[in-house]
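A closer look at the structure
Listed below, chain by chain, are the residues.
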Amino acid sequence: MNIKITADSTCDLSKELVEKYDITIVPLYIIKDGKEYKDSLEITPKDIFDHVAAGGAITSTAAVNSADYSQIFSQLSKEYDAVIHINISAGFSSCYQNACIAAEEFDNVYVVDSRNLSTGSGLIVLRAAEMARDGVSPKEIVDSLNKLTSKVEASFVVEKLDYLRKGGRCSALAALGANLLSLRPCIEVKDGKMSVGKKYRGKYSACIEKYVTERLSDRDDIDTSRIFITHSPSDKEIIDIAHKAVKKCGKFEEILETEAGCTVCSHCGPNTLGVLFIRK
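The following paragraphs examine the structure supplied in this document. Quick caveat, the model's predicted, so the values are computed rather than measured.

What about the overall build of the protein?
A tally of regular secondary structure across the protein gives eleven helices and 13 strands. Principal-axis analysis of the C-alpha atoms places the extent of the protein at approximately 55 × 45 × 30 Å. A total of 280 residues make up the protein; the buried ones form 54% of that total. Of all intrachain contacts in the protein linking residues separated by at least 6 positions in sequence, the fraction that spans at least 24 positions is 75%. Summed over its atoms, the accessible surface of the protein is roughly 12800 Å², and 48% of this surface lies on carbon and sulfur atoms. For the protein, the distance from the average site of its 36 positive side-chain charges to the average site of its 40 negative ones is 7 Å.

Structural data, given as structure tokens:
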């Protein structure tokens, strides 16, 4: 069968990966000063950071509406035997609900809630593309992906809470206290929702090294075929430290680096970095 894999722009896959696996990306909307822009097509993380640094208000995000999904599904469902779309977690956005509404119009369109974000979703998308390439049936792919979602381990360390504060996701007092104490919170995705995990303290580069090491060391439950190092625009030193820490663990066949898109960057700001992988 000829199966097409599509995904929300929140999966944060690089252009090279999107082209390699022939994935169609559906952009969310970024709202800046009351105007909507298509994620990664009409606005970039750098645009957001420059805007905020110049004194502008924090940007917000808006879901893909059912009409947008319907238009894309209508075109692709005619060209392919089946279309499988992977969404950002329903716990973060109404994208999944809107995609399901649109998919009801078609007999060969399937929608999967990744229960994740960023390359946590990206890992699900790549697995779907590999299964489609290998000739697995649409139903088998969807069933497999729904089981896989609970095995994705996604987390990020945030250097500063400024963007979370401006977006109303933490109080000004909490942000001030964290910055004064050099606290770097780890944001974890569990059961399709975000929570705050360990709070690292000290120089950010040292925190990143410790975070990666703690995530990967002394574990035998990790699928070592692939790991993502995903970051918002960050200092090269920080990214290099993360790479060295991952390689030091000596486990992974494929280490993929990708830059977080506008959705993650709108909420977390510069110098946010995470390692994302699948458990066995």
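So, next bit.
Looking at the packing of aromatic side chains
According to the stated counting rule, one finds four aromatic pairs in the structure shown. Arranged with centres 5.8 Å apart and planes meeting at 20°, the rings of Tyr69 and Phe73 form a pair that is stacked. With Tyr69 and Phe73 both in helix α3 (residues 66–79) and four residues apart, the pair spans about one turn of that helix. Residue Phe73 is classed as buried on the basis of its relative accessible area of 0%.

Quick word on the nonpolar core
Counting 50 residues, the largest nonpolar core has Ile5, Leu13, Phe73, Ile84 and Ile86 as the members making the most contacts within it. Contacts of Leu13, omitting those with residues within four sequence positions, involve Val18, Ile23, Gly122, Val125, Leu126, Phe228 and Thr258. Counting 22 residues, the second-largest nonpolar core is a separate cluster that includes Tyr211, Val246, Phe252 and Phe277.

Remarks on the pairing of strand β7 (residues 109–113)
Counting buried positions along β7 yields four of five residues, so the element is predominantly enclosed. Sheet topology places strand β6 (residues 82–87) next to β7; five bridges connect them, and they run parallel. Paired with His85 across the bridge in β7 is Val111. In this region the chain leaves β6, passes through helix α4 (residues 95–103) and returns to the parallel neighbour β7; the handedness of that crossover is right-handed.

Regarding the state of the cysteines
Within this structure, the stated rule accounts for zero disulfides. Of all cysteine sulfurs, the one in Cys100 lies closest to Cys95, which takes part in no disulfide; the gap is 11 Å.

Topic: the side chain of Thr119
Tracing the sequence through the fold places Thr119 in helix α5 (residues 118–133). For Thr119, a relative accessible area of 0% gives the class buried. Every residue in contact with Thr119, bar those within four places of it in the chain, is listed here: Cys11, Asp12, Phe228, Thr230, Thr258 and Leu276.

Rules and cut-offs
- Residues numbered from 1 in each chain as written.
- Predicted model: local features only at pLDDT ≥ 70, side-chain atom pairs only at ≥ 80, totals over all residues.
- Heavy atoms only, no water.
- Helix = DSSP H or I, 4+ residues; strand = E, 2+ residues; numbered from the N terminus.
- Buried < 20%, exposed > 50% of the residue type's maximum accessible area, 1.4 Å probe, protein only.
- Contact = heavy atoms within 4.5 Å.
- Areas by Shrake-Rupley, 256 points an atom, 1.4 Å probe, with all protein chains shown as cover.
- Lys, Arg positive; Asp, Glu negative; His and termini not counted.
- Charge placed at Lys NZ, Arg CZ, Asp CG, Glu CD.
- Phe/Tyr/Trp six-rings, centres within 6.5 Å; stacked < 30°, edge-to-face > 60°.
- Core = buried A, V, L, I, M, F, W, Y, C linked by side-chain atoms within 4.5 Å.
- Pairing = 2+ DSSP bridges.
- Right-handed = clockwise from strand over helix to strand, strands pointing away.
- Disulfide = S-S within 2.5 Å.

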